[in-house]
Number of protein chains: 2
Amino acid sequence: MASERNYILIETVKRLLRRGAHARLKKIISRIHAADLSMVFSSLSASHQRQLFSLIEDRQQQGKILSELDEDIVLSVIEGVSVSDIIEILDQMPSDDAAAFIKLLPREQADDVLAHIRKKGDEDVENLLMYPDDTAGGIMIPDFIALPEDMTAGEVVSTLQSKEYKDIEMPFYIYVIDEDQHLSGVCSLRQLVLVRPDTPLKNFMSTDVISVTTDMDQEEVAKIVARYNFLAVPVVDEEHRMVGLVTVDDVIDIFREEATEDILKMAGVGEEFVETKSVFRSTRIRLPWLFASCVGGVIAIFVIGHFEASLQQISYLAAFIPVIMGMGGNVGIQSSTIVVRGLATGRIHIQDLWRVVSKELAVGLILGVVYGCLLAGLAQFQYSVAGFSLAVSMGVLSSMTVAALIGSLLPMLFARINVDPAVATGPFVTSAIDIVSVFFYFQLATFLLGI
Amino acid sequence: MASERNYILIETVKRLLRRGAHARLKKIISRIHAADLSMVFSSLSASHQRQLFSLIEDRQQQGKILSELDEDIVLSVIEGVSVSDIIEILDQMPSDDAAAFIKLLPREQADDVLAHIRKKGDEDVENLLMYPDDTAGGIMIPDFIALPEDMTAGEVVSTLQSKEYKDIEMPFYIYVIDEDQHLSGVCSLRQLVLVRPDTPLKNFMSTDVISVTTDMDQEEVAKIVARYNFLAVPVVDEEHRMVGLVTVDDVIDIFREEATEDILKMAGVGEEFVETKSVFRSTRIRLPWLFASCVGGVIAIFVIGHFEASLQQISYLAAFIPVIMGMGGNVGIQSSTIVVRGLATGRIHIQDLWRVVSKELAVGLILGVVYGCLLAGLAQFQYSVAGFSLAVSMGVLSSMTVAALIGSLLPMLFARINVDPAVATGPFVTSAIDIVSVFFYFQLATFLLGI
């Protein structure tokens, strides 16, 4: 199995690092794929990471590793690396990876590096640094094939053989531009191979080119590439001039990160994967969400305090608090998960609010009736005072129904006012259920049991 | 914004369907991209979907739409379609989409269709049907370019121009095989264009070909394509003969589905997106997980019942039950989310068990101390009996610490014994927190308050 082989590789590297067997390690490094090497890095301690990194002799390979690692690991690894070495690595990196890397660097090192870049006159990297991280501009590569429409297929092939285009990453689409760099069409490498060499591009290009603007959110870009099954999508500026390309491999990474981000946000553990952070940083990230969720529990203290007299009469009322809250909480999680994920994947549209909420409400109601009856049966068996089991069943029913309502309504409302439903929903749903379920339960019990 | 335009398109189609404006609709259908049309479908009612589908005159477009829609919508749409029409649509579909579609059909229709396929002698589709859905064999396309290693670049180009290869979907990789169909190398279309036409494939092909076997899990395949930034990966049988290709667009879909699947499983709402299912089906899917989660709440009833005497002395003890359980529950969700997602994305390995669990335990402990103090302060303010606030703080601390422990330990253990951590963890964590937190709280309160 893949993870077996990975485990063996990681353990081997760890062992060799502990023994200081540098020659063996260099041999391994020279043989394995950059992607596999970066996977090994993620499993090492910080000092082992730095040690291993220093053993990589090829600057280009060092650059590839850095572009595959997490932000935290990158910063840790380059701690001991001199600015001049960093610059050497950067010079070997593709422009988009170089720009992303520079953005990670601490202020001082970044300034030194930028000074060098400007001196070198590397426009590509400088231009890419202008764009915010999560936009098309921030993830695009500036190397693409864009040729005039009058060029013939044969001339294009010769151009592809020239030095300038030899290392282009995604040579499968040839974009067509006019004299002012405006994007006017696209054709594929395959078409190039199949038409007569003297056919001009404009005769076989597709003019219906889907493009994205530099400021488009990266998730929107990813959805476009996925929807039309593209291998890449061109990026244009405000004047529709082609400035870059977003490729499908970056799109895959965006989807994976986006999913992880949403999952972590919904649980209130921040946006990035916390496993690489220290205990203190993880704790600090998680505190705020827990605080917001705790508000409902605190209000519940006062609600129950208000009904102290009832509890003094029938202390057994307290026994059902956990199950009433728990069932409500679970239904709330279910409803909000469905809606938040539905909104994120485009299955649910903001305009579907009433349809979605009423459906969740219906499901919550049915589930509340089912579990209300079940638990009422148990309550009757445990404590056969008249009205007690009815209070329990009503408590369960109201808890689960309100949970489904709030769990589905809140994310839709948040989405409407442009607040991220993934992060905002949790604490509100948790708190609302805490307060509403105990209130209804105790109020009903007090009323029904005449206390 | 993209969703604005989508909304306008959907509303327009709905309006025209209500008016029966068929000519206008056919015009729209003929103009828009299949991907956009399928997005519209997802937003229509079942009868509108069937109406719209019948207006699509091009069988090939009908096939494209069907391959993009959810399983439930497909079954609903083809309800009124005759078997002979279905066969006509299938004949126009690529083999992999056809196989996937046949797998969806109800038994009767599937049998009729299969009889036709066999009569037609379409081996491709028949072979694909052999493979389970979630494997490389189940998602691969059977059309690929595999040529002998002695063929020259020029001969390859001519072959590509021939009728047989004209419609190949991913012509960017040319695979090289020996006389027995065994995969021996790969080269790219770009290389083909750049070398001299008389160079044989074996001279410039890469022999280091990464391939997957037909039985490999689709998520593993997707991870391989993502890790090495491939556009496609070849699929081989047990004898290393090339039998198909998994392309990057399918990989994107796998990642998106996998993320949604995990998210929904963790909340106990099933695996597929339930929004398209009826209220009753949604309810039925959600019942089991809720039942498992309810076990803890039921046991808590008995635990609290055991401490009824304490409650009769100090009924105010009940007021803190929600907040103690709630904080524990939230921490439990956080820990289990981190671990389950970490395992799913390969950030956490099963072998890291002690490192991961001890870290989560540490975080749970610190959070427990922080919130224990906060709530103890509130308890002291609300009810200054000696020992009460200590009982509350200890209740909070134990709840949150145990939650972090169980929330991180259980998924790791489940993964070790090959049980899906995403679906199994939730109810266990919920139940354990319910039971443990109330037990510790009441036991400590009874002890400390001498009741």
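The preceding data block contains the structure.
Everything in this summary refers to the structure shown in the same document. Every value quoted in this text rests on a predicted model; they were computed, and no experiment measured them.

Moving on, we come to the interface of chain A and chain B. Taken residue by residue, the interface counts 110 residues in chain A and 110 residues in chain B. Regarding the contact of chain A and chain B, the summed buried area is about 10100 Å², with carbon and sulfur atoms giving 68% of it. One can count 4 salt bridges joining chain A with chain B. Among the ionic pairs, B:R227 bridges to A:D36, the shortest N-O distance being 2.8 Å. Summed over the shared surface of chain A and chain B, the result is 26 residue pairs in polar contact (both at pLDDT 80 or more).

This brings us to the nonpolar core. By size, the foremost hydrophobic cluster in this structure holds 190 residues, and its most contacted members are A:L52 and B:L52. In contact with B:L52, other than residues within four places in its own chain, are B:V13, B:L17, B:L25, B:I29, B:L37, B:V40, B:F41 and B:L44. Counting residues in each nonpolar core, the second largest holds 94 residues, with A:A318, A:M325, A:V402 and B:I301 among its members.

Quick look at the sheet that holds strand β1 (residues 146–148) of chain B now. Note: strands within a sheet are paired through backbone hydrogen bonds, in either parallel or antiparallel orientation. All names here are of chain B. Read across the open sheet, the 3 strands follow the order β1-β2-β3; overall the sheet is mixed. In the strand order of this sheet, the two ends are held by β1 and β3 (183–188), each with one partner. Each adjacent strand pair in this sheet contributes to an overall mean axis angle of 35°, direction not counted. Here strand β2 (residues 173–177) runs beside β3; their pairing, made up of 5 bridges, is antiparallel. Each residue of the ladder has a partner; that of Y173, found in β3, is S188.

This part is about helix α5 (residues 59–68) of chain B. All names here are of chain B. Listing the buried residues of α5 in full gives Q61, Q62, G63, I65 and L66. Against the buried residues of α5 lie α2 (22–31), α3 (34–42), α4 (46–55), α6 (71–77), α7 (83–92) and α8 (95–104). The N-cap of α5, judged by a side-chain oxygen 3.1 Å from the amide nitrogen of Q60 a few residues on, is D58.

This next bit is on empty space enclosed by the protein. By the definition in use, this model includes 4 cavities of 30 Å³ or more. Space inside the largest cavity adds up to approximately 850 Å³. Lining the largest cavity are 42 residues, and of these A:G329, A:I333, B:G329, B:N330 and B:I333 lie nearest its centre. Sorting the residues of the lining of the largest cavity by element identifies α16 (248–266), α19 (321–345) and α22 (421–448) of chain A together with α16 (248–266), α19 (321–345) and α22 (421–448) of chain B as the ones contributing at least two each. Of the residues belonging to the lining of the largest cavity, the class tally is 22 nonpolar, 18 polar and 2 charged. Volume-wise, the second largest cavity comes out at about 100 Å³. In terms of lining residues, the second largest cavity is bounded by 13 residues, among which A:F255, A:A259, B:F255, B:R256 and B:A259 are the most central. Among the secondary structure elements, those contributing two or more residues to the lining of the second largest cavity are α16 and α19 of chain A together with α16 and α19 of chain B.

Superposition of chain A onto chain B requires a rotation of 180° combined with a translation of 0.0 Å along the rotation axis, giving an RMSD of 0.0 Å. On the angle and the small slide along the axis, the relation comes out as a two-fold axis.

Reading guide: rules and limits
- Residues numbered from 1 in each chain as written.
- Chains lettered and ligands numbered in written order.
- Predicted model: local features only at pLDDT ≥ 70, side-chain atom pairs only at ≥ 80, totals over all residues.
- Heavy atoms only, no water.
- Contact = heavy atoms within 4.5 Å.
- Buried area = accessible area lost by both parts, 1.4 Å probe.
- Salt bridge = Lys/Arg side-chain N within 4 Å of Asp/Glu carboxyl O.
- Polar contact = N/O pair within 3.5 Å; in protein donor to acceptor, adjacent residues only side chain to side chain.
- Core = buried A, V, L, I, M, F, W, Y, C linked by side-chain atoms within 4.5 Å.
- Buried < 20%, exposed > 50% of the residue type's maximum accessible area, 1.4 Å probe, protein only.
- Pairing = 2+ DSSP bridges.
- Helix = DSSP H or I, 4+ residues; strand = E, 2+ residues; numbered from the N terminus.
- Axes fitted to C-alpha atoms, helices over the stretch in contact; angles between N-to-C directions.
- 1 Å grid on protein atoms, 1.4 Å probe; cavity = no way out; pocket = protein on both sides within 12 Å on 5 of 7 lines; lining within 4 Å.
- Points joined across faces, edges and corners; volume = space filled by probe spheres on them.
- Nonpolar A, V, L, I, M, F, W, Y, C, P; charged D, E, K, R; others polar.
- Least-squares fit on C-alpha atoms with pLDDT ≥ 70 in both.

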